[in-house]
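Here is how the chains run, residue by residue.
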Amino acid sequence: MKVLKVSPNIYKVEAWFFMKMSAWIVTDDDGVYLVDTGMPFMRKRILKEAKKLGSLKGILLTHGHSDHVGGVNKIVEAENVPVYAHQNDINHMEGKEPFPGRKKTENLVQPGIVQPLEKLDGGKFKKLANLIPIHTPGHSPGHVVYYHEKDRILIGGDLFTSKKGKLQKPMPMFTSDMNEAVKSGGIVKELRPKSVSICHGKDIEFPHKQIDQYLVKFT
């Protein structure tokens, strides 16, 4: 496993388990937040690195797939911090119903641990740790990306994969609705981040410069 400094306030913890797996540590004035928790074997290293930077205040999930929530139960047991995700993924990760396209349910998190991201009156999500949650459905019904305004970094979860410096679509076998997922990628045209940080691949700088080509190729 290795830790990369993505920006002044964001660190990426990477591990290999058949493919690259990633989770993020975000520093803020009041402490440290995790974005995703990777696979279960990543938990101890993620916590160790987080505690070097401050007191753990919460966990934000990009979505509810097993390689993103693997450490949630044990981290909450040890640290008693709140966990947030989009409402549309909570029933799936709690095992109440299978993810779209899958036949079996998965009991990935203890029921009641994960709470819905809080919405403001206008319908947008409340900002946490300088991170703006944005619903980007397709890979899963409740997939969310987190945009760090100050650092201009988009924590992309599985919105994209990447290869040879190019944006690629998310992995088909794990994606609920590929057309919707590709369309959601257009968010980078609006945000124009310095970089999109990708779970299963290398981060891509200035992804808005590639997005038109990406949308044409995969739509």
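Not measured: the values here are computed from a predicted model. (Residues numbered from 1 in each chain as written. Predicted model: local features only at pLDDT ≥ 70, side-chain atom pairs only at ≥ 80, totals over all residues. Heavy atoms only, no water.)

Student: Pulling in residues and values, what's your account of the pattern of salt bridges?
Tutor: For the coordinates displayed, the defined rule picks out 12 salt bridges. Between Asp-203 and Lys-12 there is a salt bridge, with its nearest N and O atoms 2.7 Å apart. Of this pair, Asp-203 sits in the loop between strand 13 (195–197) and strand 14 (204–205) while Lys-12 sits in strand 2 (residues 10–16), and the two are 191 residues apart along the sequence. A salt bridge links Lys-127 to Glu-149; the shortest N-O distance between them is 2.9 Å. Taken together, the residues span a long stretch of sequence, with Lys-127 in the loop between strand 7 (114–116) and strand 8 (131–135) and Glu-149 in the loop between strand 9 (144–148) and strand 10 (153–155) at a distance of 22 residues. A relative accessible area of 40% means that Lys-127 is categorised as partly exposed. Linked through salt bridges whose partners overlap, the residues forming this network are Lys-2, Lys-12, Glu-14, Lys-20 and Asp-203. (Salt bridge = Lys/Arg side-chain N within 4 Å of Asp/Glu carboxyl O. Helix = DSSP H or I, 4+ residues; strand = E, 2+ residues; numbered from the N terminus. Buried < 20%, exposed > 50% of the residue type's maximum accessible area, 1.4 Å probe, protein only.)

Student: Go over a nonpolar patch on the surface, please, and point to the residues and values.
Tutor: On the surface, a cluster of nonpolar side chains totalling about 470 Å² of accessible area is made up of Met-1, Phe-17, Phe-18 and Phe-41. Here Phe-18 lies in the loop between strand 2 and strand 3 (20–28). (Patch = residues over 30% accessible without salt bridge, like charges linked within 9 Å, V, L, I, M, F, W, Y side chains within 5 Å. Areas by Shrake-Rupley, 256 points an atom, 1.4 Å probe, with all protein chains shown as cover.)

Student: Hey, could you go over the sheet that holds strand 10 for me, with residue numbers and the actual values?
Tutor: Ordered in space as 8-9-10-13-14, the 5 strands form an open sheet in which the pairing is mixed. One side of each edge strand has no neighbouring strand; the edge strands of this open sheet are strand 8 and strand 14. Relative to strand 9, strand 8 runs antiparallel, the two sharing 5 bridges. Note on strand 9: the bridge partner recorded for Ile-132 is Tyr-147. (Pairing = 2+ DSSP bridges.)

Student: Describe in detail the sheet that holds strand 3, supporting the description with residues and values.
Tutor: Spatially, 7 strands are ordered 1-2-3-4-5-6-7 in an open sheet, and the strand pairing comes out mixed. Each edge of the open sheet is held by one strand with a lone partner, namely strand 1 (2–7) and strand 7. Neighbour-to-neighbour, the strand axes of the sheet open up by a mean angle of 30°, direction not taken into account. By the bridge criterion, 3 bridges tie strand 6 (residues 83–85) to strand 7 in an arrangement that is parallel. Bridged to Val-83 within strand 7 is Val-114. Relative to the sheet, helix 1 (residues 43–53) contacts strand 1, strand 2, strand 3, strand 4 (31–35) and strand 5 (56–60), its axis offset from that of strand 3 by approximately 20°. (Axes fitted to C-alpha atoms, helices over the stretch in contact; angles between N-to-C directions. Contact = heavy atoms within 4.5 Å.)

Student: Would you mind going over the packing of aromatic side chains in detail, with residue names and values included?
Tutor: Taken as a whole and judged by the stated rule, the model has 2 aromatic pairs. Between Phe-160 and Tyr-214 the ring centres are 5.1 Å apart and the planes differ by 80°, which places this aromatic pair in the edge-to-face class. Taken as a pair, Phe-160 in the loop between strand 10 and strand 11 (161–163) and Tyr-214 in helix 7 (residues 211–218) lie far apart in primary sequence, 54 residues in all. Note on accessibility: Phe-160 and Tyr-214 belong to one class, buried. Cluster of aromatic residues (ring-pair linked, three or more members): Phe-160, Tyr-214 and Phe-218. Here the basic side chain of Lys-209 rests over the ring of Phe-206, its NZ or CZ set 4.9 Å away from the ring centre. (Phe/Tyr/Trp six-rings, centres within 6.5 Å; stacked < 30°, edge-to-face > 60°. Lys NZ or Arg CZ within 6 Å of the ring centre and 35° of its normal.)

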